[in-house]
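Summary of structural features
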Amino acid sequence: MLRPDVHRGAVALVTGGGTGIGRAVALDLARSGADIVIAGRRLEPLQKTAAEIAAIGSRALALSIDIREDDQVASMVDQSLEHFGRIDILVNNAGGQFAAPAEEITSKGWRAVHRLAVDGTWSVTREVAVRAMIPQHAGVVFFMAFSPRRGIPSMVHASSARAALENLASGLALEWSRYGIRSICIAPGTLATEGMQQNYTAEDRAQWEAAVPLGRLGTAADVSGVIAFLASRAARYITGTTIVVDGGADAWGTGHPAPPLQVQP
């Protein structure tokens, strides 16, 4: 997507970097010249991605950590700075959610999603900013939201957490622009992944595609190319906003009939 030297000299930290969007972002940034730290809970996919990055010609560091644990986050930043000396790009990709009707989401389930998506993301962001980006007066931080942005049935716990990240991205732009730090939220639409193939029917996938004006589900590469561009100097005047990458789905709406009302017995 970009020149092979556009990110040369930069170091990117990608959480959830072993699979999916995180892996695609790590590889695109490496192809553009950046050195990469990829972090996540499962070491095997991280090591595979690190090997792919090394084959491209960039340096890679794979770290098995849980962003919900502050001491592990501090250790991740310690090792990143010891290995590369700086962090220029932070991609907060780690997250997790499950589908459930709103009335069936327990407090424990709600807290589990928010602890990872919001609390863990903030822990990483603050640690990287305070120890790397603010001292060097430069950096760009990415957060990951969802599209459609107006709410998603059976995902109210997760979509509310991602909405918090949208607000965080704009708020940090107001506070940290004085340090030369940009803050951007990315809102991908429904992506065609291995998990989708395994867990949903062809009818489900066709229904989601029908709600996308561009006529197809997205891919991880559709998102990673956007992030690689926004991390470059070509996008140096973009901060404090949400970039929607969804084939037009958010503009169209849900694209499905409203659920029928239940008759009171």
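In the nomenclature of an unreviewed UniProt entry, the chain corresponds to Peroxisomal trans-2-enoyl-CoA reductase from the organism Mycobacterium haemophilum. Here the chain is described in UniProt, under the heading Pathway (unreviewed entry), as follows: "Lipid metabolism." The record in UniProt for the chain states the following under Subcellular location (unreviewed entry): "Peroxisome".

Our next topic: the overall build of the chain. Along the backbone of the chain there are 9 helices and 7 strands. Rg of the C-alpha trace for the chain: 19 Å, near the compact-globule value of 18 Å for 265 residues, within the 12% margin. Put simply, the chain has 265 residues, and 46% of those count as buried. Nonlocal contacts in the chain, meaning residues at least 24 apart in sequence, comprise 74% of its contacts between residues at least 6 apart. Put simply, the chain shows about 13,400 Å² of open surface, and 52% of that area lies on carbon and sulfur atoms. Placing the 24 positive and 25 negative side-chain charges of the chain at their respective mean positions leaves the two points 5 Å apart.

A separate point is the pairing of strand E4 (residues 89-92). Here E4 shows a buried face lined by Ile89 and Val91 and a second buried face lined by Leu90 and Asn92. Two elements, strand E1 (residues 11-15) and E4, share 3 bridges in a ladder whose sense is parallel. Across the sheet, leucine 13 pairs through a bridge with leucine 90, a residue of E4. Where E4 and strand E5 (residues 139-144) come together, 4 bridges link them in parallel fashion. Among the inter-strand pairings, isoleucine 89 is bridged to a residue of E5, identified as valine 140.

For E5, the tally of buried residues reaches 6 of 6 residues, placing the bulk of the element in the interior. Of the two faces of E5, both are covered, the one formed by Gly139, Val141 and Phe143 as well as the one formed by Val140, Phe142 and Met144. Handedness of the crossover joining E4 and E5 through helix H4 (residues 107-136) is recorded here as right-handed. Two strands pair when backbone bridges link them, and E5 and strand E6 (residues 181-188) are joined in this way by 6 bridges, in the parallel orientation. Note on E6: the bridge partner recorded for phenylalanine 143 is cysteine 185. In this fold, E5 hands off to helix H5 (residues 156-176), which returns the chain to E6; that crossover is right-handed.

Bringing the sheet that holds E1 into the picture now. Pairing is parallel across the open sheet formed by 7 strands, whose spatial order is E3-E2-E1-E4-E5-E6-E7. Either end of the sheet is taken by a strand with one partner, and the two such strands are strand E3 (60-64) and strand E7 (241-245). Across the sheet, the axes of successive neighbouring strands diverge by a mean angle of 15°, strand direction being ignored. Looking at chain direction, E6 and E7 are connected through 5 bridges and run parallel. The residue bridging isoleucine 186 from the neighbouring strand is isoleucine 243, located in E7. Sheet strands touched by H5: E5, E6 and E7. Its angle to E6, the strand with the most contacts, is close to 160°.

Of the residues making up helix H8 (residues 220-230), those classed as buried are Val223, Ser224, Gly225, Ile227, Ala228 and Leu230. Turning to H8, the residues buried within the fold contact helix H1 (20-31), E4, E5, E6 and E7.

Take the environment of valine 73 next. Inspection of the secondary structure puts valine 73 in helix H3 (residues 70-84). Residue classification places valine 73 among the buried positions, given a relative accessible area of 0%. Distance from valine 73 to leucine 29, taken between C-alpha atoms, is 22 Å for residues 44 residues apart in sequence. Beyond its immediate stretch of four places on either side in the chain, valine 73 contacts Asp66, Ile67, Ser123, Val124 and Glu127.

The next subject is the pattern of salt bridges. Oppositely charged side chains are able to pair whenever their charged atoms sit close together. As enumerated under the stated definition, the model contains 13 salt bridges in all. The residue aspartate 5 makes a salt bridge to arginine 3 at a minimum N-O spacing of 2.9 Å. Aspartate 5 gets classed as partly exposed once you look at its relative accessible area, which sits at 33%. For arginine 3, a relative accessible area of 53% corresponds to the exposed category. Where aspartate 222 meets arginine 216, a salt bridge forms, and the shortest distance between an N and an O atom there is 2.9 Å. Under the relative-accessibility criterion, arginine 216 is labelled partly exposed at 43%. Salt bridges linked by common partners bring Asp78, Glu127 and Arg131 together as one network.

Conventions we followed
Residues numbered from 1 in each chain as written. Predicted model: local features only at pLDDT ≥ 70, side-chain atom pairs only at ≥ 80, totals over all residues. Heavy atoms only, no water. UniProt positions renumbered as here; feature names shortened; annotations may be inferred. Helix = DSSP H or I, 4+ residues; strand = E, 2+ residues; numbered from the N terminus. Rg over C-alpha atoms; globule rule 2.2 N^0.38 Å. Buried < 20%, exposed > 50% of the residue type's maximum accessible area, 1.4 Å probe, protein only. Contact = heavy atoms within 4.5 Å. Areas by Shrake-Rupley, 256 points an atom, 1.4 Å probe, with all protein chains shown as cover. Lys, Arg positive; Asp, Glu negative; His and termini not counted. Charge placed at Lys NZ, Arg CZ, Asp CG, Glu CD. Pairing = 2+ DSSP bridges. Right-handed = clockwise from strand over helix to strand, strands pointing away. Axes fitted to C-alpha atoms, helices over the stretch in contact; angles between N-to-C directions. Salt bridge = Lys/Arg side-chain N within 4 Å of Asp/Glu carboxyl O.

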